[in-house]
Amino acid sequence: MRPEREVLACALCLTLLGLPPAARAEDDPPAAAARASLPLEEVLRLVHENERARAPRPAPAPLDAAVSRLVLSGRLLEDAVDLSAHVELAVLADDAWVRVPLLKLAPEVHLSALPAVEGGELLDDGGTLTFLTRAPGRYAFDLGLLVQARPEGAGLLAELGVANAALTRLDLQWDEGLFRLLGDGARRGAEGASLFPRGERFRVRWAPRAQARVVEAPAERPPVESVITAAHASSVTTLEGRRVTRVQYQLRFEGRQPLSFRLPAGTQVEKIYLNGASAPFRLEGGELRLEVTPPRVGDQSGRLELVLVDQPGAFHLSGRLSLILPAASWQLDELQVSLHLPPVFDYTWAGGSLALDEAGAGAEEVEWAHRLPTPGKQLRFRQSLIGSAPDVSVRYTVALEGQYYRGGPVGAAYPPAAVQALPADGAGVGGGRWDMGE
């Protein structure tokens, strides 16, 4: 039966490929006739390839790609414009390399943040920041750049060339006490101004307030509210009961502003870093007082990092551990906390204003000015819209899995990790069992 099946398969393949078996037999002499055996899977593959080759090709896209949104937001500095750009584009060409120009990389333009985009690559293509890909689809990403200004008349001028996009806009902010925007063409608002390109180019002109000749009166706006937009805390507790806590605050404010923190009892301030550099501070009756300034003139952001040390006490076989963070004089919008605890214990959340964040949703990598290893078990917590001292409490008990006390001398009966967890006076040991009460 196998030869007949092979013949039928070959006949079916030749028929589907448009070559009748009878014609094939007439073309080849009987003595030179050739035979071939093909698995059914190979026959089907050939059939599918033939169908695809005969199918009409879809009409090509009218264009390879298009940028739908190129929205920049920036802030005036003393001699530059600090910008971030949100880009949205669509690649329409299929199975072909496509270049999408975005920004002109003139000598005065410096990239400060370049994302990794899945399916594509950002590169410098002859002085133009270009998105390169061969995968059709929609893409969205953010860039960071700094545009240096040059003197022009009594003020400064910064220029940036951009690609054509359906929506192109620059939302600009500045400190009214330091700078004034020059020229026309800007749509003013309470939070700054919106500019639009002319000839595929943004032109931003400004001057220090003492030198500026204002073409249009600036819009009145309320002062910028001093607020902590986000904070991250990392607390490491040793088995001996020493705890080091780092708290990094992302600040939004204007000019030079006072900021204070009410410290928990028993907490000492070891170091303070403002914008990555060590900063002076003073303590008055458990309150930390300092003045914060932005890293650059005209900026409205800053970063403050506190390094705190306290002694919560040595661990017992079981118990409760609490952490209280400083209460800031400014509102704190969002706080994320990571506790790093000895691995010889099991932990459960017991209370406090901080809620357990088991999935670590929204957890961010933090670049700490004060480097510190973070060993042990990690627990994550979070809290929003904070006006008082954040706190969290966890219960702990010795992790007994695979470790049992069978009586005898303490040094031989207890596993090494558990022996370290015992109180110095031997409390909790007796009668050949562990007393697991608090």
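The structure contained in this document is the topic of the report that follows. (Residues numbered from 1 in each chain as written. Predicted model: local features only at pLDDT ≥ 70, side-chain atom pairs only at ≥ 80, totals over all residues. Heavy atoms only, no water.)

1. A closer look at the overall build of the protein
When you go through the protein residue by residue, the secondary structure sums to 5 helices and 31 strands. Scored against the burial criterion, the 438 residues of the protein give a buried share of 39%. Total accessible area on the protein is roughly 24400 Å²; 52% of this is exposed by carbon and sulfur atoms. (Helix = DSSP H or I, 4+ residues; strand = E, 2+ residues; numbered from the N terminus. Buried < 20%, exposed > 50% of the residue type's maximum accessible area, 1.4 Å probe, protein only. Areas by Shrake-Rupley, 256 points an atom, 1.4 Å probe, with all protein chains shown as cover.)

2. A look at the sheet that holds strand β26 (residues 345-352)
One open sheet holds the 3 strands; their spatial order is β23-β29-β26, and the pairing between them is antiparallel. Edge strands, defined here as strands with exactly one partner in the open sheet, are β23 (318-324) and β26. If you compare each strand with its neighbour and ignore which way they point, the axes differ by 25° on average. (Pairing = 2+ DSSP bridges. Axes fitted to C-alpha atoms, helices over the stretch in contact; angles between N-to-C directions.)

3. Structural notes on the layout of surface pockets
One number sums up the size of the second largest pocket: a volume of about 390 Å³. If you trace the second largest pocket, you find 13 residues lining it, with D82, L83, S84, R296 and S301 closest to the centre. Of all the elements in the fold, those that place two or more residues in the lining of the second largest pocket are β1 (65-76), β2 (80-91) and β4 (109-113). (1 Å grid on protein atoms, 1.4 Å probe; cavity = no way out; pocket = protein on both sides within 12 Å on 5 of 7 lines; lining within 4 Å. Points joined across faces, edges and corners; volume = space filled by probe spheres on them.)

4. A look at the sheet that holds β1
Ordered by their spatial adjacency, 7 strands build an open sheet running β4-β7-β2-β1-β10-β13-β12, and the pairing between neighbours is mixed. Strands with a single pairing partner mark the edges of an open sheet, and in this sheet they are β4 and β12 (187-189). Each adjacent strand pair in this sheet contributes to an overall mean axis angle of 25°, direction not counted. Relative to β2, β1 runs antiparallel, the two being bridged by 11 bridges. Bridged to A65 within β2 is V91.

5. What to know about the environment of V81
Relative to the assigned elements, V81 resides in strand β2. Here the alpha-carbon distance between V81 and L157, two residues 76 residues apart in the chain, equals 9.6 Å. Contact partners of V81, with chain neighbours within four places excluded, come to R75, L76, L145, L146, V147, A158, L172 and W206. (Contact = heavy atoms within 4.5 Å.)

6. What about the pattern of salt bridges?
Scanning all chains against the criterion turns up 19 salt bridges. Between E49 and R45 there is a salt bridge, with the nearest N and O atoms lying 2.4 Å from each other. One end of the pair, E49, and the other, R45, are both in helix α3 (residues 40-54), 4 residues apart, so they sit about a helical turn from each other. You can call E49 partly exposed: its relative accessible area is 35%. Judged by its relative accessible area of 36%, R45 is partly exposed. Across the pair R243 and D310 runs a salt bridge whose closest N-O atoms are separated by 2.6 Å. Here D310 lies in strand β22 (residues 301-310) and R243 lies in strand β16 (residues 243-252), a separation of 67 residues in the sequence. The exposure classification of R243 matches that of D310, with both residues buried. The network of salt bridges with shared partners includes R150, E152, E159, R203 and R205. (Salt bridge = Lys/Arg side-chain N within 4 Å of Asp/Glu carboxyl O.)

7. Considerations on the side chain of H340
Here H340 is to be found in strand β25 (residues 331-341). In this view, H340 contacts S234, S235, V236, T237, T374, P375, K377 and Q378; residues no more than four positions away in its chain are not counted.

8. Re the pairing of strand β18 (residues 268-274)
Regular strands have side chains that alternate between both faces of the sheet. Pairing geometry for β18 and β22, over 6 bridges, is antiparallel. Paired with Y273 across the strands is E305, a residue of β22. Alignment of β18 against strand β19 (residues 277-278), held across 2 bridges, turns out to be antiparallel. Within β19, the residue paired with L274 across the bridge is A277. Hairpin remark: β18 followed by β19, antiparallel, with 2 residues in the connecting loop; positive phi at N275, about 55°.

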